[in-house]
Amino acid sequence: MMDSERDRALAEIAYCESTLAKGGLTVLSDLFRGVSDISAWDHYPPGDVFDPVSGSQWYYHCHPAEEGSSEHGHFHCFIRPKGAEGPIHHLIAVGVDQNGKMLRLFTVNQWVVGDDWADAATIIGLIDRFDMAMPSPSYLVNRWLTAVLVAYKTEIEGLLNERDRVLAAHPNADVHKDRSLEVTSSFSV
């Protein structure tokens, strides 16, 4: 990736965050606008966000609060290269704190999201397709998330390759269903 492309994406992230801040909002508070009760494991928004043109999809969810954890929850980002009814591939998860500030990027084992498995090379070839040009639930959150995948593409590629190395080295023959292996690679932002 060209440094200028990364710089533009980082500027886009900053723009979205500062525009939201002008209204007293964050990536999370804008996402949860009108939501009175946030429940662990539920998808926000309900039904996920899907862009029929790019095949991009995402949802946010949180786990039950753990003492000492600064992560509120994470955005799971997917691509559906053949449209809404075709296969779905998990690209990356973006962990954020309670103020919507990005903490980490990470990959997960297949059982976590139930996607259609593809190796790192295949997924890396699909990253550039992630483009959430959708007005809802928040145009700025969609722009922010798209920019995250552009700005950190090199790191995401590394995480996907590490995911494949971890899975290949795992002793369980049915590694994709092994619930003892959840997060397969992680990068602190």
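Values in this document were obtained by computation on a predicted structure and should not be read as measured data.

Another point: helix H1 (residues 3-22). For H1, with 20 residues, the first-to-last C-alpha span of 28 Å sits near the 28 Å given by 1.5 Å per residue. When we look at burial in H1, the residues that qualify are Ala9, Ile13, Cys16 and Leu20. Down the axis of H1, the buried side of the element spans an arc of 65°, and every buried residue falls inside it. Counted as exposed and oriented over 90 degrees from the buried face of H1: Asp3, Arg8 and Lys22. Residues of H1 that are buried in the fold lie against helix H2 (27-31) and helix H5 (139-151).

For the largest pocket, the calculated volume is near 450 Å³. In terms of lining, the largest pocket is formed by 22 residues, of which the most central are Cys62, His63, Glu66, Glu71 and His74. Where the lining of the largest pocket is concerned, the elements lending two or more residues are strand E2 (56-61), strand E3 (73-79), strand E5 (102-108) and helix H3 (110-113). When grouped by side-chain class, the residues that make up the lining of the largest pocket number 10 nonpolar, 8 polar and 4 charged.

Let us look at the packing of H1 against H5. In contact at an axis separation of 8 Å, H1 and H5 are set at 155° when each is read in the N-to-C sense. The orientation of H1 with respect to H5, classified from their angle, is roughly antiparallel. For the crossing formed where H1 meets H5, the hand is left-handed. Within the contact between the two elements, H1 uses Glu5, Arg6, Ala9, Leu10, Glu12, Ile13, Tyr15, Cys16, Glu17, Thr19 and Leu20 and H5 uses Leu140, Arg143, Trp144, Ala147, Val148, Val150 and Ala151. Class assignment of the residues belonging to the contact of H1 with H5 gives a composition of 12 nonpolar, 1 polar and 5 charged.

It is worth spelling out the sheet that holds strand E1 (residues 44-50) at this point. Spatial ordering of the open sheet is given by E1-E2-E3-E4-E5-E6, a layout of 6 strands whose pairing is antiparallel. Where the open sheet ends on each side, the last strands, each with one partner, are E1 and strand E6 (183-188). Between one strand and the next, the sheet's axes are offset by a mean angle of 20°, whatever the strand orientation. When E5 meets E6, the two strands line up antiparallel, connected through 5 bridges. Of the residues in E6, the one forming a bridge with leucine 105 is phenylalanine 187. With respect to the sheet, H5 is in contact with E1, E2, E3, strand E4 (89-96) and E5, its orientation differing from that of E4 by roughly 110°.

Here we take up the pairing of E4. With respect to burial, E4 is a largely interior element, 8 of its 8 residues being buried. Here 7 bridges tie E3 to E4, and the two strands are oriented antiparallel to one another. When the sheet's bridge partners are listed, phenylalanine 78 is paired in E4 with histidine 90. Here E4 pairs with E5 via 4 bridges, running antiparallel. Note on E5: the bridge partner recorded for glycine 95 is arginine 104. Where E4 folds back on E5, the antiparallel hairpin that results is connected by 5 residues, among which glycine 100 adopts a positive phi of roughly 80°.

So, how was this worked out
Residues numbered from 1 in each chain as written. Predicted model: local features only at pLDDT ≥ 70, side-chain atom pairs only at ≥ 80, totals over all residues. Heavy atoms only, no water. Helix = DSSP H or I, 4+ residues; strand = E, 2+ residues; numbered from the N terminus. Expected span 1.5 Å × (residues − 1). Buried < 20%, exposed > 50% of the residue type's maximum accessible area, 1.4 Å probe, protein only. Arc of directions from axis to C-beta. Contact = heavy atoms within 4.5 Å. 1 Å grid on protein atoms, 1.4 Å probe; cavity = no way out; pocket = protein on both sides within 12 Å on 5 of 7 lines; lining within 4 Å. Points joined across faces, edges and corners; volume = space filled by probe spheres on them. Nonpolar A, V, L, I, M, F, W, Y, C, P; charged D, E, K, R; others polar. Axes fitted to C-alpha atoms, helices over the stretch in contact; angles between N-to-C directions. Parallel < 35°, antiparallel > 145°, perpendicular 65-115°, else oblique. Left-handed = near helix turned anticlockwise from the far one by under 90°. Pairing = 2+ DSSP bridges.

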